[in-house]
Amino acid sequence: PYSIKNDPDYNFVDPPLTDVGLEQALGLMTRFGTMDPQLLPQIAFISPMRCPLATAHISCPPWWPKVAFEALRERCGIHTCDKRLSKSKLKQLYKDIEYDFIYEDDDL
């Protein structure tokens with residue numbers, strides 16, 4: 001894993017979905033489309049990291065409220081991939097997701 005020691009310029013911050021992750025998100029979208037609407041959740045709370053946000057953006061029905069919530073994120077640590085993109089950048093990438101519970105623009 002990349003850490004501040006071997007990635008001091010933060011080149012590996014908050015990586016995007018892999019091809020496998022994209023395939024899984026599309027599969028989840030298909031599964032949601034076949035479920036009884038009465039059994040579907042009414043809201044999605046999401047970690048503010050790029051992979052979960054992209055998964056929700058791709059897989060959740062457009063009428064679902066989608067809310068990024070800082071408390072759901074992975075632990076911050078020494079690995080540069082654990083640092084999230086700025087709130088303003090995430091808002092540009094995933095416009096259908098609410099960011100009211102992300103209080104700081106830059107990751108702490």
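Now for a look at the structure at hand. (Residues numbered from 1 in each chain as written. Predicted model: local features only at pLDDT ≥ 70, side-chain atom pairs only at ≥ 80, totals over all residues. Heavy atoms only, no water.)

1. Focus: the sheet that holds strand β1 (residues 44-46)
Sheets are built from strands paired through backbone hydrogen bonds, the pairs being either parallel or antiparallel.
Moving on, step 1. The sheet built from three strands is open, its strands ordered β1-β2-β3 with parallel pairing. Sheet topology places β1 and β3 (98-101) at the edges, where each strand pairs with a single neighbour. Within the sheet, the average angular offset between the axes of one strand and its neighbour, ignoring direction, is 35 degrees.
Moving on, step 2. Summarising the sheet, β1 and strand β2 (residues 66-69) pair through three bridges and their orientation is parallel. Looking at β2, one finds that Phe45 is bridged to Val67.
Moving on, step 3. Against the sheet, helix α2 (residues 50-59) engages β1, β2 and β3, with an angle of about 160 degrees to β1. (Pairing = 2+ DSSP bridges. Helix = DSSP H or I, 4+ residues; strand = E, 2+ residues; numbered from the N terminus. Axes fitted to C-alpha atoms, helices over the stretch in contact; angles between N-to-C directions. Contact = heavy atoms within 4.5 Å.)

2. Some points on the state of the cysteines
Moving on, step 1. Considering all chains together, one arrives at zero disulfides under this definition.
Moving on, step 2. Cysteine Cys81 remains unbridged, with the sulfur of Cys51 as its closest cysteine sulfur at 9.6 Å. (Disulfide = S-S within 2.5 Å.)

3. So, the pattern of salt bridges
Moving on, step 1. For the coordinates displayed, the defined rule picks out four salt bridges.
Moving on, step 2. Note that Glu70 is salt-bridged to Arg84, the shortest N-O span being 3.2 Å. In this pair, Glu70 sits in the loop between β2 and α3 (87-93) while Arg84 sits in the loop between β2 and α3, placing the two residues 14 residues apart along the sequence.
Moving on, step 3. Beyond isolated ion pairs, a larger network of salt bridges with shared partners links Glu70, Arg73, Arg84 and Asp107. (Salt bridge = Lys/Arg side-chain N within 4 Å of Asp/Glu carboxyl O.)

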